[in-house]
Amino acid sequence: MIVCVAVVGHQNNPLYIQSFTDADDALKLHHIVHCSLDVVDERVNNPKKSGPPLNETFLGLLYPTENYKVYGYLTNTKVKFILVTTNLDVRDADVRNFFRRFHAAYVDAVSNPFHVPGKKITSRTFAERVSTIVKSFGLSSAG
């Protein structure tokens, strides 16, 4: 089950963070997302040591914790997508499909002429699309 998704700007500023759990876990999930940025930076700046080649936008599993797995995705404009899930047996194909759909929703949201680049994403349509993508991820990975 997906518990948190985040969009982080190229200067590591949070553009969108959505938790899908109780309010008590929200702060802990924000901390996990923040810590994952170090792993993303390490993989981008030192591609030979770990991770996929730089032409691959899917960064894969960033790091597992005791209860969560954290996945990353990097766009061509250095915007980072972070996914936190409680499923410890998630297939990479499912995560790649999630990020592909999430990236499409992000592109639609920032293509809005009223959106200011680099500012938080406040679109209700984007939030609804993200919720739909998260719910469909849970269904496809359970089957």
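Note: the structure precedes this text.
Residues numbered from 1 in each chain as written. Predicted model: local features only at pLDDT ≥ 70, side-chain atom pairs only at ≥ 80, totals over all residues. Heavy atoms only, no water.

Visitor: Talk me through the overall build of the protein chain; I want residue IDs and the actual numbers.
Guide: A count of helical and extended segments in the protein chain gives 3 helices and 5 strands. When the helices and strands of the protein chain are read in sequence order from the N terminus, they spell out β-β-α-β-β-β-α-α. A total of 143 residues make up the protein chain; the buried ones form 39% of that total. Long-range contacts, defined here as pairs at least 24 residues apart, represent 52% of the contacts in the protein chain between residues at least 6 apart. Summed over its atoms, the accessible surface of the protein chain is roughly 8200 Å², and 53% of this surface lies on carbon and sulfur atoms. (Helix = DSSP H or I, 4+ residues; strand = E, 2+ residues; numbered from the N terminus. Buried < 20%, exposed > 50% of the residue type's maximum accessible area, 1.4 Å probe, protein only. Contact = heavy atoms within 4.5 Å. Areas by Shrake-Rupley, 256 points an atom, 1.4 Å probe, with all protein chains shown as cover.)

Visitor: Report on the packing of aromatic side chains, specifying residues and quantitative values.
Guide: Within the structure shown, the criterion is met by 10 aromatic pairs. An angle of 15° between the planes, with centres 5.5 Å apart, marks the rings of Phe98 and Phe102 as stacked. Here Phe102 and Phe98 lie together in helix 2 (residues 92-110), a separation of 4 residues that amounts to about one turn. Since its relative accessible area comes to 2%, Phe98 is described here as buried. Ring pairing ties together the aromatic residues Tyr16, Phe58, Tyr73, Phe81, Phe98, Phe99, Phe102, Tyr106, Phe126 and Phe137, which thus form one cluster. (Phe/Tyr/Trp six-rings, centres within 6.5 Å; stacked < 30°, edge-to-face > 60°.)

Visitor: Account for the pairing of strand 3 (residues 58-64), naming residues and giving values.
Guide: Within strand 3, 5 of the 7 residues are buried, which leaves it mostly tucked inside the rest of the structure. With 5 bridges joining them, strand 3 and strand 4 (residues 69-74) adopt antiparallel strand pairing. Considered in strand 4, the bridge of Tyr63 is made with Val70. Hairpin connection from strand 3 to strand 4: 4 residues lie between these consecutive antiparallel strands. (Pairing = 2+ DSSP bridges.)

Visitor: Describe in detail the environment of Leu61, supporting the description with residues and values.
Guide: When you line up the elements, Leu61 lands in strand 3. Residue classification places Leu61 among the partly exposed positions, given a relative accessible area of 30%. With residues up to four places along the chain from it excluded, the contact list for Leu61 reads Arg43, Lys69, Val70 and Tyr71.

Visitor: Requested: an account of helix 2, with residues and values cited.
Guide: An ideal rise of 1.5 Å per residue puts 27 Å on 19 residues; helix 2 measures up with 26 Å between its terminal C-alpha atoms. What helix 2 keeps buried is the set Asp94, Val95, Phe98, Phe99, Phe102, Ala105, Tyr106 and Ala109. Buried residues of helix 2, viewed axially, fall in a sector of 130°; they line one side. Helix 2 presents Ala93 and Arg100 as exposed residues on the side facing more than 90 degrees away from its buried surface. (Expected span 1.5 Å × (residues − 1). Arc of directions from axis to C-beta.)

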